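Architecture at a glance
Single-letter residue listing:
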Amino acid sequence: MAGETYGFPRDISKEQAHKLWMELPRQTYVLEEDGKILGTYYLKSNQEGPGDHVCNCGYMVSSSARGRGLAITMCEHSQEMAKSIGYKAMQFNFVASSNEGAVRLWTKQGFDIVGRIPKAFNHPSKGFVDALVMYKWLDIL
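Report follows, based on the coordinates.

Calculation notes
Residues numbered from 1 in each chain as written. Predicted model: local features only at pLDDT ≥ 70, side-chain atom pairs only at ≥ 80, totals over all residues. Heavy atoms only, no water. Buried < 20%, exposed > 50% of the residue type's maximum accessible area, 1.4 Å probe, protein only. Helix = DSSP H or I, 4+ residues; strand = E, 2+ residues; numbered from the N terminus. Pairing = 2+ DSSP bridges. Right-handed = clockwise from strand over helix to strand, strands pointing away. Polar contact = N/O pair within 3.5 Å; in protein donor to acceptor, adjacent residues only side chain to side chain. Contact = heavy atoms within 4.5 Å. Phe/Tyr/Trp six-rings, centres within 6.5 Å; stacked < 30°, edge-to-face > 60°. Expected span 1.5 Å × (residues − 1). Arc of directions from axis to C-beta.

**Remarks on the pairing of strand S3 (residues 54-61)**
Judged by how many residues are buried, S3 sits mostly within the fold: 7 of 8 residues are covered. The pairing of strand S2 (residues 36-45) with S3 spans 7 bridges and is antiparallel. Across the sheet, Leu43 pairs through a bridge with Cys57, a residue of S3. Note that S3 and strand S4 (residues 89-96) share 2 bridges and pair parallel. Bridge pairing links Cys55 to Met90 in S4. What joins S3 to S4 is helix H2 (residues 70-84), and the crossover it makes is right-handed.

**A closer look at the side chain of Asn56**
Mapped onto the secondary structure, Asn56 falls in strand S3. Residue classification places Asn56 among the buried positions, given a relative accessible area of 6%. Looking at Asn56, its side chain comes within polar contact range of the main-chain oxygen of Gln91, at 2.9 Å. Once residues lying within four places of it in the same chain are set aside, the contact partners of Asn56 are Tyr42, Leu43, Lys44, Ser45, Asn46, Gln91, Phe92 and Asn93.

**Topic: unusual backbone geometry**
Even without being glycine, Asp34 reaches a positive phi, approximately 55°. Mapped onto the elements of the fold, Asp34 is located in the loop between strand S1 (27-33) and S2. For Lys119, which is not a glycine, the phi torsion comes out positive at approximately 50°. With respect to the helices, strands and loops of the structure, Lys119 is situated in strand S5 (residues 112-123).

**Some remarks on the packing of aromatic side chains**
Inspection of the entire model under this criterion finds 8 aromatic pairs. Clustering of aromatic rings is evident, with ring pairs tying together Tyr29, Tyr41, Tyr59, Phe92, Trp106 and Phe111.

**Brief notes about H2**
Here H2 spans 21 Å end to end across 15 residues, near enough to the 21 Å set by a 1.5 Å rise per residue. Looking only at H2, the buried set comprises Leu70, Ala71, Met74, Cys75, Ser78, Gln79 and Ala82. Down the axis of H2, the sector holding all buried residues measures 165°, keeping them to one side. Just beyond H2, the residue with positive phi is Gly86, at close to 105°.

Printed below as a string of structure tokens:
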């Protein structure tokens with residue numbers, strides 16, 4: 001999203017991708033137009049047990065659909081869907097600090113940076129950059 005692709009190894013198999021995106025999450029959503037998938041996201045519990053009121057999301061926007069505001073649409077939709085199935089908060093565990101568009105979007109959506117992991121992400125051209133943990137309590141929507 002926002003010009004950079006993160007999260008999946010480049011050599012992931014179709015079966016591995018299906019399991020990560022379709023089987024492990026609690027819910028997966030697809031945004032499509034004229035039969036073409038433009039974006040997708042999943043919702044899953046960030047932790048089990050006493051932390052299961054906090055969800056985690058992963059988002060992808062097709063490179064051909066970037067710049068159309070779909071990430072904002074999916075982020076807003078994901079928060080509403082998370083609340084509707086009982087989540088109280090949303091947490092992004094690993095946002096590359098170099099992904100300025102995503103950091104700006106999540107911040108505008110009310111997420112706070114609650115942690116920074118130094119040099120935790122090995123960016124393909126920038127080398128080691130920090131990863132951010134971002135969090136939002138959803139009852140304030």
